[in-house]
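Tertiary structure, described
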Amino acid sequence: MHTLLHPDNIDGILAFAPLATCMAGLDLTSFPVPVLVEGEYDDNMRAQGLLADAAPMAEIVRRLAADGHRRFVHVAGSDLWASARNRRTVYEATVAELGLTSCAVVDGDWTVRSGWEAATTVIAGCGATAVLAANDRVAFGVIQGLQSLHIDVPGQISVVGWDDEEIGRYMRPALSTVRVDREWQGREAMLRLLALLRGEEPESLVHPPGLNHVVLRQSTGPAPEA
């Protein structure tokens, strides 16, 4: 790695992992070429910053509200992750802003099991018509748990995940979710590095418009009463 990153061989460095991990032992404070780190992580490699952006959660709530949904549940991820905390915060703020009802926020751990348990112990009996899961795996568990109780998705309860895992496109019903556009992320990171090479200050994105996209499929629909 030290040989590969010798200044004679490169014009700039673009890293998609923490520098402490991928460039251990290098003194980057005086490195003679521009260095750009795309993505922020804590000491346990949990995403922070742009990678934990939760803005699409507000869009999901608004879209479901436009379809007549008024009673919601959020099945959260582990609160050790900034992304889970941010999604919960945006969910609660948007529900409150729109005058909707949050029947419950169920603590989860990103697993299918936590979705199943939330569905069978909380969601099925709380009167909610829409569930926002912290990720696709949790959403899988929610859907399977509801179906095990003969609750129709989306006829009675709509379910949305996050990550756009491939299996979600082929399950029945196909899962509504949030797609993370890694190609866009890589392209924008390279443009920011090129800006550094030109001596410019790269633009800082607070809510990147091209990183996350809400994808609605068959697991969401109008509220039953609508």
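Residue numbers here run from 1 along each chain, matching the order of that chain's written sequence. Only residues with pLDDT of at least 70 get local features here, since the model is predicted, and only at 80 or more are side-chain atom pairs given and counted; chain-wide, interface and lining totals rely on the full set of residues. Hydrogens are left out, water is left out, and the side-chain values use all remaining heavy atoms of the structure.

Comments concerning the sheet that holds strand S6 (residues 101–106)
Taken in spatial order, the 4 strands of this open sheet run S6-S5-S7-S8, and their pairing is parallel. Lying at the two open borders of the sheet, with one neighbouring strand each, are S6 and strand S8 (158–160). Direction aside, the axes of adjacent strands within the sheet are offset by 15° on average. Sheet topology note: the strand S7 (residues 130–133)/S8 ladder contains 3 bridges and is parallel. By the bridge assignment for S8, Val 131 is matched with Val 159. Strands are treated as partners if at least two bridges between them are detected by DSSP. In this text, helices come from DSSP runs of H or I with a minimum length of four residues, and strands from runs of E with a minimum of two, each type numbered from the N-terminal end. Here an angle of 0 to 180 degrees is reported between the N-to-C directions of two axes, which are lines fitted to C-alpha atoms, with helices fitted over the stretch in contact.

Regarding helix H5 (residues 136–148)
One less than the residue count of a helix, multiplied by 1.5 Å, gives the span that helix is expected to have. End to end, H5 covers 18 Å across 13 residues, agreeing with the expected 18 Å (1.5 Å per residue, within 8%). Buried, partly exposed and exposed residues are distinguished by accessible area as a fraction of the type maximum, computed with a 1.4 Å probe on protein chains only: under 20%, between the cut-offs, and over 50%, respectively. Every buried residue of H5 is accounted for by Asp 136, Val 138, Ala 139, Phe 140, Gly 141, Val 142, Ile 143, Gly 145 and Leu 146. We call two residues in contact when some of their heavy atoms are within 4.5 Å. Against strand S5 (71–75), helix H4 (112–121), S7, S8, helix H6 (166–170) and strand S9 (177–180) lie the buried residues of H5. As used in this structure description, the phrase polar contact means that two N or O atoms lie within 3.5 Å; if the pair is within protein, one of them must be able to donate a hydrogen and the other to accept it, and residues adjacent in sequence are counted only when both atoms belong to side chains. N-capping of H5 is provided by Asn 135, with a side-chain oxygen placed 3.3 Å from the backbone N of Arg 137. One or two positions beyond H5, positive phi appears at His 150, with a value near 60°.

Describing a nonpolar patch on the surface
Within this analysis, patches are made of residues with over 30% relative accessible area and no salt bridge. Like charges are joined at 9 Å or less; nonpolar side chains (Val, Leu, Ile, Met, Phe, Trp, Tyr) at 5 Å or less. Note on areas: these come from Shrake-Rupley sampling with a 1.4 Å probe, and a residue is covered only by the protein chains present in the view. We define a salt bridge as a contact between a side-chain nitrogen of Lys or Arg and a carboxyl oxygen of Asp or Glu at a distance within 4 Å. Taken together, Met 190, Leu 191, Leu 194 and Leu 197 make up a surface patch of nonpolar side chains, about 320 Å² in accessible area. With respect to the helices, strands and loops of the structure, Met 190 is situated in helix H7 (residues 182–197).

Here we look at the side chain of His 74
Note on placement: His 74 falls in strand S5. From its side chain, His 74 meets the backbone oxygen of Leu 132 in a polar contact 2.8 Å long. The contacts of His 74, once residues within four sequence positions are left out, are Met 57, Arg 87, Arg 88, Tyr 91, Ala 104, Val 105, Val 106, Leu 132, Ala 133 and Ala 134.

Considering the packing of helix H2 (residues 55–66) against helix H3 (residues 82–97)
The geometry of H2 relative to H3 is characterised by a closest axis approach of 8 Å and an angle of 35° between their N-to-C directions. With respect to the hand of their crossing, H2 and H3 are arranged in right-handed fashion. Contact residues: Met 57, Ala 58, Val 61 and Arg 62 in H2; Arg 87, Val 90, Tyr 91, Thr 94, Val 95 and Glu 97 in H3. Looking at the contact of H2 with H3 residue by residue, the classes come out as 6 nonpolar, 1 polar and 3 charged. Helix crossings fall into two classes, left-handed where the near helix is turned counterclockwise from the far one by less than a right angle and right-handed where it is turned clockwise. Note on residue classes: Ala, Val, Leu, Ile, Met, Phe, Trp, Tyr, Cys and Pro are nonpolar, Asp, Glu, Lys and Arg are charged, and everything else, Gly too, is polar.

Some details on the state of the cysteines
Note on terminology: pairs of cysteine sulfur atoms within 2.5 Å are recorded as disulfides. Scanning all chains against the criterion turns up 0 disulfides. For the unlinked cysteine Cys 103, the closest cysteine sulfur is that of Cys 126, found at 4.2 Å. Classification of Cys 126 by relative accessible area gives buried; the value is 18%.

Section: the side chain of Ser 114
As for its placement among the helices and strands, Ser 114 is situated in helix H4. Since its relative accessible area comes to 6%, Ser 114 is described here as buried. Polar side-chain contacts of Ser 114 include one of 3.4 Å to the side chain of Asp 109. Ignoring any residue separated from it by four or fewer positions in sequence, one finds Ser 114 in contact with Val 75, Gly 108, Asp 109 and Val 138.

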